[in-house]
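Spelled out, the chains give:
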Amino acid sequence: MTKYLKKLSPFVLIILILITISCRENREQKKNSESVETVKVVNFDNKKELAAYTQMNLDSTHPNLLNPQISRSEYDTVVQSWKGLHHDLEQYLSQNDFNWGVKDSTITIVQKIYFNPEGKINTYFFRVINNEVTEEKKEELAHLIASFAQNHSIGIKREEPFAQCGKTRYLN
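This write-up is about the structure you can find in this document. If you're wondering where the values come from, they're calculated on a predicted model, not measured in any experiment.

Criteria and cut-off values
Residues numbered from 1 in each chain as written. Predicted model: local features only at pLDDT ≥ 70, side-chain atom pairs only at ≥ 80, totals over all residues. Heavy atoms only, no water. Buried < 20%, exposed > 50% of the residue type's maximum accessible area, 1.4 Å probe, protein only. Helix = DSSP H or I, 4+ residues; strand = E, 2+ residues; numbered from the N terminus. Pairing = 2+ DSSP bridges. 1 Å grid on protein atoms, 1.4 Å probe; cavity = no way out; pocket = protein on both sides within 12 Å on 5 of 7 lines; lining within 4 Å. Points joined across faces, edges and corners; volume = space filled by probe spheres on them.

So, the pairing of strand E2 (residues 106–115)
Next up, step 1: Of all ten residues making up E2, seven are buried, and the element is well covered by its neighbours.
Next up, step 2: The pairing of E2 with strand E4 (residues 162–171) spans ten bridges and is classified as antiparallel. Paired with Thr 106 across the strands is Leu 171, a residue of E4.
Next up, step 3: For E2 and strand E3 (residues 121–128), the ladder comprises seven bridges, and the chain directions are antiparallel. Looking across to E3, one finds that Val 110 is bridged to Arg 127.
Next up, step 4: What sits between E2 and E3 in their antiparallel hairpin is a turn of five residues, with Gly 119 showing a positive phi close to 90°.

Focus on empty space enclosed by the protein
Next up, step 1: A complete count under the given rule lists one cavity of 30 Å³ or more for this structure.
Next up, step 2: Its volume calculated, the largest cavity comes out at about 40 Å³.
Next up, step 3: Forming the boundary of the largest cavity are Leu 89, Leu 93, Ile 109, Gln 111, Tyr 124, Phe 126, Leu 141, Ile 145 and Tyr 170.
Next up, step 4: Mapped onto the lining of the largest cavity, the elements with two or more residues apiece are helix H4 (75–95), E2, E3 and helix H5 (135–150).

In structure tokens form, the structure reads like this:
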């Protein structure tokens, strides 16, 4: 192989080296991007998303830690984590200039949030109860939730995946 390399012009040799480096970087980038878990955000009003969410049957594999019978001794910690999560999300929405686009003083949302054992969000289901909130605002909310959830976790870890579910009111 060395005698072939000697016959190649320096220009061709440089091109081959760059291609080799580029391919290696692409493989590493692909490997790194696969290790980043994407968060699935499900808007109740999107029938296609709702159907896919329903088929996942996450409630059967993710016990709701806000059920006092499940988290007996940790219940206060779980409640605090729920409050903290929603406070952080509300702050994130504010920092990103999210506006609900309605006159209501509060926005009520039913949410089911599914976590991996390390407390990172895997799936975030939401249903906006206020009828005046537009589909566009719900889609914008879904994108912001996905962005927020990429880097947010709660301070609870378990051996198995878990969920927290409930109704939250956000100030408008």
